[in-house]
Amino acid sequence: MMLPGGPVVGGGGWGGGLCLLKWLGLRMLSRRGTLVFVLLWFGSWLFLNGLVLVHRSILSDYCSDEKSKKILQRLCLEFGEGSVTGDMCEDLCVLGRVEYKRCLYYENGKKVIEAHWRGKPIILKSKKENFSSYEPLGILDYEQDTGEELSALDVVFYATLEVRNSLGLNEEEEYEEREGGNISTLAKLWGKKLKMRNTSYSRAELDSLWSLLQQEEYTFLRILQDLSSHVAKVLGSCGHFYAVEFLSAGHTWDQNIFSLEEVAVPGLQLPGRGRWSAREMVHRIALSFLDMVWHFDNDFTHQLHLCDIKPENFAIRKDLTVVAIDVDMAFFEPKMRDILEQNCSSDEDCSFFDCSSRCDAVRRRCSPRRQNSNLQVICEKIFQPWFSPTILGAKAGLPLQVELQRAVQECSETDRGDNEPEEDGEQSILQRLRRILNRLLQEEGPQEEGGGTLEGQRHVHTALNF
């Protein structure tokens, strides 16, 4: 008698053993085949999804040249109808002085386009694709019903309210006497920007201005560009699109973060020497990062917090000045406190991207005071990779390099306490880093003139006392 898969009872056991081995082999082959099939199916699924992702991000309408050009054509049509205006509309729509290059980014309506304006590279931006997507200035409907016109002073007043609301600066107002009444000191800035005049503004001018003021990044850059060299400059606008300077942005995959060959210009050569080395440029860029941190902490009425610090959000000019080019996640102190003060059960609930505070276990509320700082995050995300032994190689063991690595490590681990009035320890670390970097530059070659300390450069801009 033969048992299933077993030996013959009473003799011929070897034949039954062979049957068992064949049966087991078939089972193993069957399982292997199933596993191979599953792996092939999963691999095909990943491949197809990868193709879809590439298609969406590169080849499709999500960031296509065809759609980008249609958006600009629609803008020019609105300009021709008299609905929008701006100081670059004529060049874009009539004179052909704006040359489209390519679409850089498109997501949820936000459009970023590379172009040339009068031969110089620029970046065109808008938070929303269509001009009609922006909220109109409600007072214009009232003006139309009553027949009254908005004066230049009225325009400055409403623009001031919108800017203050956008930036979250509603805690304090300072007034000064001006001809025609009392207005916020922010009007000093907008008075110049809006070119105060005796004649009234057209509907197209007001609608275009209002669409721009609803874009927080535009508002930040437009205000800060006259107050700091560390933000990208707004060059012009047409309707809801505005142009900013084209700069060499950072990349995580580049060990120097920035493409240093792109700033290889004669102005970066010292007398009697060749070009600066890559390490010299890195040290100078690091000093510019420290300068930016100091000015953002001290130059304005309220401290400016950067909550998304990564190489892609910074760029360098040809003189190696570090520039913040993406300020969607930058907040002045009052707005930062509102963002952080939320319900919590642990410290993990009190982090907003790169800005964090601590959870009060009794109140179960996050502290409104930021626990880390711009300097700490820059040390952690920018300086640590830059000055790591892996990148430095044989130079990592040199005394000054070791001292720099220790200072960067200490900087990245320094939290400030809730009860500390000002971060004296943080300022001490900043100055320590600055001294080490300057000493490294002295070792590498002669210093340029004018390399003074930050304390001697402090100047508070009253234009932001609002």
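Predicted, not measured: the structure shown is a model, and the values here were computed from it.

Novice: When you look at the overall build of the chain in this model, what are you seeing that I'm missing?
Specialist: Each helix and strand in the chain was counted, giving 14 helices and 16 strands. The proportion of buried residues among the 466 residues of the chain is 47%. Across the chain, contacts joining residues at least 24 apart in sequence account for 65% of those joining residues at least 6 apart. Accessible surface, the chain: about 24,700 Å² in total, of which carbon and sulfur atoms supply 54%.

Novice: Got a minute to help me understand helix H8 (residues 216-224) in this structure?
Specialist: Residue pairs three or four apart in sequence face the same way in an α-helix, which turns once every 3.6 residues. Most of H8 sits inside the fold, with eight of its nine residues counted as buried. Residues Glu217, Tyr218, Thr219, Phe220, Leu221, Arg222, Ile223 and Leu224 constitute the buried set of H8.

Novice: Even after reading the chapter, I still don't get the packing of aromatic side chains, so can you show me in this structure?
Specialist: By the definition in use, this model includes 12 aromatic pairs. With 5.4 Å between their ring centres and 15° between their planes, Phe220 and Phe332 make a pair best called stacked. In this pair, Phe220 sits in helix H8 while Phe332 sits in strand S12 (residues 330-332), placing the two residues 112 residues apart along the sequence. Neither Phe220 nor Phe332 differs from the other in exposure class; each is buried. Pairwise contacts between aromatic rings join Phe289, Phe314, Phe383, Trp386 and Phe387 into one cluster. The ring of Tyr134 carries Lys128 above its face, with NZ or CZ at 5.3 Å from the centroid.

Novice: What is the right way to look at the pattern of salt bridges in this model?
Specialist: Evaluated as defined, the whole model comprises 18 salt bridges. Between Asp308 and Lys310 there is a salt bridge; the shortest N-O distance is 3.9 Å. Exposure remark for Asp308: the relative accessible area of 23% places this residue in the partly exposed category. Given the relative accessible area of 35%, Lys310 is considered partly exposed. Three or more residues are tied together by salt bridges with common partners; here these are Lys67, Arg74 and Glu129.

Novice: Would you mind going over the state of the cysteines with me for this structure?
Specialist: Covalently bonding the sulfur atom of one cysteine to the sulfur atom of another cysteine gives a disulfide. Under the definition given, this model contains seven disulfides. Two residues, Cys344 and Cys359, share a disulfide whose sulfurs are 2.1 Å apart. What sets the handedness of the Cys344 and Cys359 disulfide is the S-S torsion sign, and at about 85° it is right-handed. Of this pair, Cys344 sits in the loop between helix H10 (333-340) and strand S13 (351-352) while Cys359 is found in strand S15 (residues 359-360), placing the two residues 15 residues apart along the sequence. Take Cys344: its relative accessible area is 7%, and that puts it in the buried class. For Cys359, a relative accessible area of 16% gives the class buried.

Novice: Sorry if this is basic, but what is going on with the sheet that holds strand S3 (residues 120-126) here?
Specialist: Pairing between the strands of a sheet is mediated by backbone hydrogen bonds and can be parallel or antiparallel. Strand order in the open sheet made by the five strands is S1-S2-S3-S7-S6, with antiparallel pairing throughout. Both outer strands of the open sheet, strand S1 (98-107) and strand S6 (234-238), are each paired with one neighbouring strand and no more. On average, each strand axis in the sheet is inclined to that of its neighbour by 25°, with strand direction left out of account.

Novice: What is the right way to read the nonpolar core from this model?
Specialist: Among soluble globular proteins, nonpolar side chains are generally buried collectively. The biggest cluster of nonpolar side chains holds 79 residues, and the ones touching the most others in it are Phe289, Phe383, Trp386 and Leu433. When residues of this core are assigned to their parent elements, the largest contribution, 11 residues, is made by helix H9 (residues 278-298). Setting aside residues up to four positions removed in sequence, Leu433 forms contacts with Leu290, Cys379, Phe383, Leu404, Ala407, Val408 and Cys411.

Novice: It is not clear to me how the sheet that holds strand S11 (residues 322-324) should be interpreted in this structure. Could you clarify?
Specialist: Read from one edge to the other, the open sheet built from three strands follows the order S8-S10-S11, with strand pairing classed as antiparallel. Looking at which strands have only one partner, the edges of the open sheet turn out to be strand S8 (248-249) and S11. Relative to S11, H9 is tilted by about 45°, and along the sheet it contacts strand S10 (314-316) and S11.

Novice: Sorry, what's going on with the pairing of S6 here?
Specialist: Of all five residues that make up S6, four are buried, and the element is covered over most of its length. Here S6 runs beside strand S7 (residues 241-245); their pairing, made up of four bridges, is antiparallel. When the bridges of S7 are listed, Cys238 appears paired with Phe241. Hairpin connection between S6 and S7: a loop of two residues separates the two successive antiparallel strands, and Gly239 in this loop has a positive phi of roughly 60°.

Novice: Explanation requested: the environment of Met329 in the structure shown.
Specialist: Mapped onto the elements of the fold, Met329 is located in the loop between S11 and S12. When the C-alpha atoms of Met329 and Phe352 are compared, they prove to be 9.7 Å apart, with 23 residues separating the residues in sequence. Here Met329 is in contact with His305, Leu306, Cys307, Asp308, Phe352 and Phe353, once residues within four sequence places are set aside.

Novice: Please clarify how unusual backbone geometry should be interpreted in this entry.
Specialist: Leave glycine aside and you will find that most residues have negative phi; peptide bonds, for their part, are mostly trans. Phi angles above zero are rare outside glycine, and Ile257 is one such case at about 70°. With a phi close to 55°, Arg364 is a non-glycine residue in the positive phi region. With respect to the helices and strands, Arg364 occurs in the loop between S15 and strand S16 (365-366). The partly exposed category is assigned to Arg364, whose relative accessible area is 47%.

What counts and how
Residues numbered from 1 in each chain as written. Predicted model: local features only at pLDDT ≥ 70, side-chain atom pairs only at ≥ 80, totals over all residues. Heavy atoms only, no water. Helix = DSSP H or I, 4+ residues; strand = E, 2+ residues; numbered from the N terminus. Buried < 20%, exposed > 50% of the residue type's maximum accessible area, 1.4 Å probe, protein only. Contact = heavy atoms within 4.5 Å. Areas by Shrake-Rupley, 256 points an atom, 1.4 Å probe, with all protein chains shown as cover. Phe/Tyr/Trp six-rings, centres within 6.5 Å; stacked < 30°, edge-to-face > 60°. Lys NZ or Arg CZ within 6 Å of the ring centre and 35° of its normal. Salt bridge = Lys/Arg side-chain N within 4 Å of Asp/Glu carboxyl O. Disulfide = S-S within 2.5 Å. Pairing = 2+ DSSP bridges. Axes fitted to C-alpha atoms, helices over the stretch in contact; angles between N-to-C directions. Core = buried A, V, L, I, M, F, W, Y, C linked by side-chain atoms within 4.5 Å.

Don't take any of this as a statement about function, it's just geometry.
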